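Per-entry structural report
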Amino acid sequence: MKHCPKCRADVKGDWEKCPLCQTSLKKSDSEIIEESDFPEIPLQFNRKKIKQHLSLSSFLMILLYFVAHFIWRFQFFNLEYVLFGIMIMWVMMHVIVRKRRNIVKGIVYILVLFSLLSLYFDYINGWLGWSLTFVIPILCISALLAMFISIQVVNLKAEDYVLYLQLAAILGLIPAVFLLMNWVVVALPSLLSVVFSLVMSIAVFYRHRQAVISELEKRMHV
């Protein structure tokens with residue numbers, strides 16, 4: 001049994017270099033019986049920490065709803081929509097933990113899929129506009145929150161998530177079109193999505209500008 005100091009993984013077999021990063025392996029004192037030539041990669045996240053972040057975010061979202069409701073007294077934006085957003089955030093994080101090879105990319109796929117599904121069900125039920133007014137803005141906010149939490153609790157490099165995070169932020173700006181075209185009954189969810197997406201996009205670009213530019217050059221073969 002040998003050990004990779006870079007990946008922090010035990011490698012079984014007669015490997016001289018790590019099959020993942022090509023770092024020279026060192027002898028390990030582990031006495032685990034060798035059954036496979038592939039290394040056992042340790043998890044790079046803590047499930048307890050994920051639940052703590054999700055629980056705190058859920059509590060803050062509910063608290064912000066009651067504060068906003070106390071100030072504006074809106075009648076159409078009920079607590080059920082906030083709970084729906086929280087549920088989506090938990091579902092996204094569950095998918096992330098189960099399918100963690102490319103976390104933020106998976107969140108973008110979920111965001112697009114759920115948005116299209118909401119449009120379809122709104123259409124077949126007579127088009128009441130709830131998908132544009134509530135579901136898509138809430139999905140955008142939930143996706144960005146899920147990305148932010150996953151980045152905090154999972155050991156990810158900036159180049160692994162910056163472009164997908166920026167893409168999710170751009171999708172979060174789409175509700176601005178709903179507002180301009182007057183397609184929504186209640187403006188608050190769309191406004192929150194636009195503001196949150198702008199803040200997230202600017203913050204990510206400011207903090208990881210070089211990584212964003214580098215990844216764009218790779219994708220465009222510049």
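A quick note: this is a predicted structure, and the numbers were derived from the prediction, not measured.

Criteria and thresholds
Residues numbered from 1 in each chain as written. Predicted model: local features only at pLDDT ≥ 70, side-chain atom pairs only at ≥ 80, totals over all residues. Heavy atoms only, no water. Helix = DSSP H or I, 4+ residues; strand = E, 2+ residues; numbered from the N terminus. Buried < 20%, exposed > 50% of the residue type's maximum accessible area, 1.4 Å probe, protein only. Contact = heavy atoms within 4.5 Å. Areas by Shrake-Rupley, 256 points an atom, 1.4 Å probe, with all protein chains shown as cover. Disulfide = S-S within 2.5 Å. Axes fitted to C-alpha atoms, helices over the stretch in contact; angles between N-to-C directions. Left-handed = near helix turned anticlockwise from the far one by under 90°. Pairing = 2+ DSSP bridges. Phe/Tyr/Trp six-rings, centres within 6.5 Å; stacked < 30°, edge-to-face > 60°. Parallel < 35°, antiparallel > 145°, perpendicular 65-115°, else oblique. Expected span 1.5 Å × (residues − 1). Arc of directions from axis to C-beta. pLDDT = per-residue confidence, 0-100. Core = buried A, V, L, I, M, F, W, Y, C linked by side-chain atoms within 4.5 Å.

Before going further, it helps to spend a moment on the overall build of the protein chain. Looking only at helices and strands, the protein chain features eight helices and three strands. Starting at the N terminus and ending at the C terminus, the protein chain contains elements arranged as β-β-β-α-α-α-α-α-α-α-α. Classification of the 222 residues of the protein chain by burial places 39% in the buried group. Long-range pairs, those at least 24 residues apart, make up 63% of the contacts in the protein chain between residues at least 6 apart in sequence. Working note: accessible area of the protein chain is about 14,200 Å², and carbon and sulfur atoms make up 63% of it.

Here we take up the state of the cysteines. Applying the stated criterion across every chain, the model contains zero disulfides. The cysteine Cys18 is free of any disulfide, with Cys4 supplying the nearest cysteine sulfur at 3.7 Å.

With their axes 10 Å apart at the nearest point, helix α1 (residues 47-72) and helix α4 (residues 130-153) run at an angle of 145° to one another. Here α1 and α4 pass one another in a crossing that is right-handed. Contacts between α1 and α4 involve Lys49, Ile50, His53, Leu54, Ser57 and Met61 from the former and Leu145, Ile149, Gln152 and Val153 from the latter.

Right, let's get into the sheet that holds strand β3 (residues 26-27). In any sheet, the strands associate via hydrogen bonds between backbone groups, in a parallel or an antiparallel arrangement. Taken in spatial order, the three strands line up as β2-β1-β3 in an open sheet, and their pairing is antiparallel. Each end of this open sheet is capped by a strand with a single partner; those strands are β2 (9-11) and β3. Inspection of the sheet shows strand β1 (residues 2-4) paired to β3 by two bridges, in the antiparallel sense. Bridged to Lys2 within β3 is Lys27.

What the rule picks out here adds up to three aromatic pairs. Judged by centre distance (5.5 Å) and plane angle (65°), the ring pair of Tyr120 and Phe121 falls under edge-to-face. Relative accessible area serves as the criterion here: at 41%, Phe121 is assigned to the partly exposed category.

This part is about the packing of α4 against helix α7 (residues 188-207). Contact geometry of α4 with α7 gives a least axis separation of 8 Å together with a crossing angle of 30°. One finds that α4 runs roughly parallel with respect to α7. Read as a crossing pair, α4 and α7 show a hand that is left-handed. Contacts between α4 and α7 pair Leu132, Thr133, Phe134, Pro137, Cys140, Ile141, Leu144, Leu145 and Phe148 from the former with Pro189, Ser190, Leu192, Ser193, Phe196, Ser197 and Met200 from the latter.

Our focus in this paragraph is helix α8 (residues 209-220). Taking 1.5 Å per residue as the helical rise, α8 with its twelve residues ought to reach 16 Å, and the 17 Å between its terminal C-alpha atoms agrees with that figure. Buried residues of α8: Ala211, Val212 and Glu215, and no others. Around the axis of α8, the buried residues are gathered within 100° of arc, so they sit on the same side. Turned more than 90 degrees from where α8 packs its buried face, Gln210 and Met220 sit exposed.

This part is about the confidence of the model for the protein chain. With 83% of its residues at a pLDDT of 70 or more, the protein chain has an overall mean of 80. Here helix α2 (residues 79-98) stands out as the element of the protein chain with the lowest mean pLDDT, 76, in contrast to helix α6 (residues 175-180), whose mean of 95 is the highest. Note that residues 31-36 has pLDDT below 50 and, in this model, nine contacts with residues that lie over four places away or in other chains.

What follows covers the nonpolar core. If you look at soluble globular proteins, the nonpolar side chains tend to sit buried side by side. The biggest cluster of nonpolar side chains holds 41 residues, and the ones touching the most others in it are Met89, Met147, Tyr161, Val162 and Leu165. Those elements giving two or more residues to this core turn out to be α1, α2, α3 (103-124), α4, α5 (158-171), α7 and α8. If you tally residues by element for this core, the top one is α4, at 14 residues. Those residues in contact with Met147 that sit more than four places away from it in its chain are Val104, Ile107, Val108, Tyr164, Leu165 and Ala168.

For Trp127, which is not glycine, the phi dihedral falls at a positive 50°. Here Trp127 shows up in the loop between α3 and α4. Classification of Trp127 as partly exposed rests on a relative accessible area of 40%. Positioned with a positive phi, Asn182 is a non-glycine residue whose angle comes to about 60°. Take Asn182: it is sitting in the loop between α6 and α7.

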